Amino acid sequence: MKHRIITIDGPAGSGKSTVAREVARRLGFTYLDTGALYRAAALAVISSGVDARDGVACASVIDKAEISLHEDKVYLDGRDVSSDIRSPGVAEAASAIAVHADVRKRLTALQRELADRESIVAEGRDTGSVVFPGADLKIFLDADIAERARRRHAEFARKGMDADPSEVFESMRRRDEQDGSRRHSPLRVPENAFVVDTTHLTQEEVVVKILSMVRQALAD
Ligand code: DC
């Protein structure tokens, strides 16, 4: 059977992860969290002591690292780093290393390898525009930055992490700027993507909307 690819891109806090995971579950597809790959790569860079601004050195560290996804868990060199990669420091480091073309090349190849094996719902920043431009359906999720920062703060609180709301907002603003202005694969609405503004929608409403778009796209 032909493997299907659905892409869901958008800025931090747009609701991508929860929505993509749930859409994948209901379709029986594999959820590909590409941000987790960038975060695991950032963790490898941090542990190596290499400067995140040095693209060649970062790519060389990532080349040697073994990054894999298995049943919603992320592994770096055989170690489960699923919790470690969720800190604000790793998020900023992921955004910093993601500006380098050599880093993106390595992680794009890894994403395509994973998608070769099964039908997937890929979630990230450039999955529809660069990694899988021929996807069966491309979605771009967006929301007001204030709402996105509120959601991210609530997510930290649920995990027992005590974050300052204004710092969460500021970190999100910095990442928006960095992810949107970088030279290689900046965050953009992919060609032929459907834009869904989630500011005033519940997660379930977004999931239902996307599933109906998937049904239509796969029937065509
Ligand atoms: O989606 P996230 O917050 O887990 O992503 C962390 C960072 O990784 C994000 O700020 C930019 C980078 N990233 C990317 O450049 N391209 C992707 N497809 C996914 C993430």
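For the structure, see preceding data.
In what follows, the accompanying structure is described. Every value quoted in this text rests on a predicted model; they were computed, and no experiment measured them.

Re the sheet that holds strand 2 (residues 30–33)
An order of 2-6-1-7-8 is seen for the five strands of this open sheet, with the pairing classed as parallel. Edge strands, defined here as strands with exactly one partner in the open sheet, are strand 2 and strand 8 (194–197). Pairwise comparison of adjacent strand axes, ignoring direction, gives a mean angle of 20° for this sheet. Pairing of strand 1 (residues 5–9) with strand 7 (residues 137–142) involves four bridges; the strand directions are parallel. When the bridges of strand 7 are listed, Ile8 appears paired with Ile139. Relative to the sheet, helix 9 (residues 203–219) contacts strand 1, strand 7 and strand 8, its axis offset from that of strand 7 by approximately 160°.

Quick word on the pattern of salt bridges
Summed over the entire model, instances satisfying the criterion amount to 20 salt bridges. A salt bridge links Glu22 to Arg26; the nearest nitrogen and oxygen atoms lie 2.7 Å apart. Placement of both Glu22 and Arg26 in helix 1 (residues 16–27) is noted, with a separation of four residues, approximately one turn of the helix. Between Lys159 and Glu155 there is a salt bridge whose closest N-O contact spans 3.5 Å. The partly exposed category is assigned to Lys159, whose relative accessible area is 44%. Here the salt bridges share partners, and the residues they tie into one network are Glu22, Arg25, Arg26 and Glu204.

So, the site of the ligand
As a matter of local geometry, the ligand sits amid 16 residues, with Arg39, Arg104, Arg125, Arg175 and Asp179 nearest to it. In the model, an oxygen atom of the ligand is placed 2.8 Å from a nitrogen or oxygen of the Arg104 side chain. At a separation of 3.1 Å, a nitrogen atom of the ligand approaches a polar side-chain atom of Asp126. The protein chains hide 98% of the 450 Å² of surface that the ligand would expose on its own. At four residues, the largest contribution of residues to the shell around the ligand is made by helix 2 (residues 34–48). Grouping the amino acids of the shell around the ligand by side-chain chemistry returns three nonpolar, four polar and nine charged.

Considerations on the sheet that holds strand 3 (residues 67–70)
Sheet architecture is open: three strands sit in the order 3-4-5, paired in antiparallel fashion. In this open sheet, the two edge strands, each paired with only one partner strand, are strand 3 and strand 5 (79–80). Inspection of the sheet shows strand 3 paired to strand 4 (residues 73–76) by four bridges, in the antiparallel sense. If you follow Ile67 over to strand 4, its bridge partner there is Leu76.

Observations regarding the nonpolar core
Counting residues in each nonpolar core, the largest one holds 36 residues, and the members touching the most others are Ile62, Ile67, Ile97, Val103, Leu107 and Phe132. At the level of secondary structure, the elements contributing two or more residues to this core comprise helix 2, helix 3 (55–64), strand 4, helix 4 (88–97), helix 5 (101–117) and strand 6 (120–124). When residues in this core are grouped by element, the largest group, nine residues, is from helix 2. Those residues in contact with Ile97 that sit more than four places away from it in its chain are Tyr38, Ala41, Ala42, Val45, Ala52, Cys58, Ile62 and Val103. Of all hydrophobic cores here, the second largest spans 19 residues; its members include Ile6, Ala20, Val207 and Val214.

Observations regarding the environment of Ser119
Summarising the element assignment, Ser119 is placed in the loop between helix 5 and strand 6. Between the alpha carbons of Ser119 and Thr30 there is a distance of 6.2 Å; along the sequence they are 89 residues apart. There is a polar contact of 2.9 Å between the side chain of Ser119 and the backbone nitrogen of Arg4.

Quick look at the side chain of Arg152
Along the polypeptide, Arg152 turns up in helix 7 (residues 145–158). Take Arg152: its relative accessible area is 17%, and that puts it in the buried class. Residue contacts for Arg152: discarding those within four places in its chain leaves Ala12, Gly13, Arg39, Val168, Met172 and Arg175.

Cut-off values and rules
Residues numbered from 1 in each chain as written. Predicted model: local features only at pLDDT ≥ 70, side-chain atom pairs only at ≥ 80, totals over all residues. Heavy atoms only, no water. Pairing = 2+ DSSP bridges. Helix = DSSP H or I, 4+ residues; strand = E, 2+ residues; numbered from the N terminus. Axes fitted to C-alpha atoms, helices over the stretch in contact; angles between N-to-C directions. Contact = heavy atoms within 4.5 Å. Salt bridge = Lys/Arg side-chain N within 4 Å of Asp/Glu carboxyl O. Buried < 20%, exposed > 50% of the residue type's maximum accessible area, 1.4 Å probe, protein only. Near = heavy atom within 4 Å. Polar contact = N/O pair within 3.5 Å; in protein donor to acceptor, adjacent residues only side chain to side chain. Areas by Shrake-Rupley, 256 points an atom, 1.4 Å probe, with all protein chains shown as cover. Nonpolar A, V, L, I, M, F, W, Y, C, P; charged D, E, K, R; others polar. Core = buried A, V, L, I, M, F, W, Y, C linked by side-chain atoms within 4.5 Å.

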